[in-house]
Amino acid sequence: MRFGPPPQHILCQTEQAGCGICCGAENFIDRGSHAHGMRFKKRTQLVEAADFDISKLELIKDQLLEEEHPYILSSTIPTCPFMGHVGPHQRGCLIHPSRHPEGLDIRDISVHDQETCAGFFCTAHHVLTETEVAIAQHVPADMYGVMLTNIDLMKSLRRVIEGQRVRTLQPFDIRQMRWVDFWQRVALFPFVDHSPERYGLVRLKKSGETSRATLSRLPLEESRRRQPIHRLIISLSLQPEHIEQYNQLVELVEDAIRVL
Ligand code: SF4
Ligand code: SF4
């Protein structure tokens, strides 16, 4: 596989958070913070103890792939055991050349080849605006990758805020907003679809196939009238079962946006 030049602004890491989605960081049935924390902690301890010894790392890789296999959602998605904690709340590549004492890139031992590890940059790099990237940089650190790569969420959230404020937003505006309050409110929203297959607008099956999540029990004209808030609700993995629940969510979203 051949890749073009890297994008001007690489999104995989911020000062506080890391993504790791393309390394399979979220390809687990249990994606709760406790399960993630235990998983990444164990990986980090084992990999750091190997101190970049290739034969030890290969054994660790085999061990972790076997141990984690029962907890993986789709075995068709490469899930790399070298994705761990590179900072207190920050996910990242434990064998990245920037961590190697001589700067060597040994990522051919991973679940991808070295060229893919070094050269792949996902859709978010090409389709998110600077304002939407600024929004992603204000989500809680452990949700950074899930939110950043949820393109519909970033775009519909920006559009809903702009609709409420009746103006176009710049990255500067985003940095002035009260995002901690906002995400705390979102975390309390009811009618969340907790099924492991649900990733915002997409359902991922064990087979690796995906399908679009919909709110099919709602009147079509209501969902059209409510755009882009309708898209935001689906992107947040919310699944109201009838119109009263849906209207309740619309109010909660509008209130949360007002506190920003
Ligand atoms: S999914 Fe995108 S942002 Fe996340 S680590 Fe991969 S390339 Fe980087
Ligand atoms: S070795 Fe490659 S696939 Fe594994 S965590 Fe690092 S960048 Fe991701």
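Since the model is a prediction, treat every value here as computed from it, not as a measurement.

**What to know about the site of ligand 2**
Item 1. What surrounds ligand 2 is the set C23, C80, F82, M83, C93, I95, R107, S110, V111, H112 and C117.
Item 2. Split into classes, the residues belonging to the shell around ligand 2 amount to 8 nonpolar, 2 polar and 1 charged.

**Things to note about helix α1 (residues 33–50)**
Item 1. Taking 1.5 Å per residue as the helical rise, α1 with its 18 residues ought to reach 26 Å, and the 26 Å between its terminal C-alpha atoms agrees with that figure.
Item 2. Looking at α1, one finds that the buried residues are R39, F40, R43, L46 and V47. Buried residues along α1 cover an arc of 135° about the axis, so they all sit on one side. α1 presents S33, H34, M38, K41, Q45 and A49 as exposed residues on the side facing more than 90 degrees away from its buried surface.
Item 3. At its buried positions, α1 is contacted by α2 (54–68), β1 (83–87) and β2 (90–93).

**Focus: the domain arrangement of the chain**
Item 1. Here the chain is partitioned into domain 1 (21–121) and domain 2 (125–259).
Item 2. Each of domain 1 and domain 2 has a C-alpha centre, and the two are 29 Å apart.
Item 3. Contact with domain 1, which involves 14 residues of that partner, is made by 11 residues of domain 2.
Item 4. Counting only elements with at least two residues in the side of domain 1 that touches domain 2, the list comes to α1 and β2.
Item 5. For the side of domain 1 that touches domain 2, the residue count by class is 6 nonpolar, 6 polar and 2 charged.

**Focus on the site of ligand 1**
Item 1. Residues in close proximity to ligand 1 total 13 residues, the closest being C12, C19, I21, C22 and C122.
Item 2. Here the residues of the shell around ligand 1 are counted per class, giving 10 nonpolar, 3 polar and no charged.

**Structural notes on the pairing of β2**
Item 1. Where β1 lies against β2, 4 bridges are found, and the strand directions are antiparallel. Within the sheet, the bridge partner assigned to H85 lies in β2 and is R91.
Item 2. Counting the residues that bridge the hairpin from β1 to β2 gives 2 residues.

**A short note on the environment of L64**
Item 1. Within the fold, L64 resides in helix α2.
Item 2. Residue classification places L64 among the partly exposed positions, given that 19 C-beta atoms sit within 10 Å.
Item 3. Other than its neighbours up to four places away in sequence, L64 contacts R43 and P81.

**Concerning the nonpolar core**
Item 1. Residues L232 and I233 are the most contacted members of the largest nonpolar core, which totals 42 residues.
Item 2. For this core, the element with the highest residue contribution is helix α7 (residues 151–165), accounting for 5 residues.
Item 3. When we break this core down by domain, the ones giving at least three residues each are domain 1 (21–121) and domain 2 (125–259).
Item 4. Apart from the residues lying within four places of it in its own chain, the contact partners of L232 are L153, S156, L157, V160 and V253.

**Concerning unusual backbone geometry**
Item 1. A positive phi angle, near 50°, is found at D51, a position not held by glycine.
Item 2. Tracing the backbone shows D51 in the loop between α1 and α2.

**Let's talk about the environment of Q164**
Item 1. Tracing the backbone through its elements, the reader meets Q164 in helix α7.
Item 2. Taking the C-alpha atoms as reference points, Q164 and E254, 90 residues apart in sequence, are found 8.3 Å from one another.

The rules behind these values
- Residues numbered from 1 in each chain as written.
- Chains lettered and ligands numbered in written order.
- Predicted model: local features only at pLDDT ≥ 70, side-chain atom pairs only at ≥ 80, totals over all residues.
- Near = placed C-beta within 6 Å.
- Nonpolar A, V, L, I, M, F, W, Y, C, P; charged D, E, K, R; others polar.
- Helix = DSSP H or I, 4+ residues; strand = E, 2+ residues; numbered from the N terminus.
- Expected span 1.5 Å × (residues − 1).
- Buried ≥ 20, exposed ≤ 12 C-beta atoms within 10 Å, placed from the backbone.
- Arc of directions from axis to C-beta.
- Contact = placed C-beta atoms within 7 Å.
- Domains from an automatic or database assignment.
- Pairing = 2+ DSSP bridges.
- Core = buried A, V, L, I, M, F, W, Y, C linked by C-beta atoms within 7 Å.

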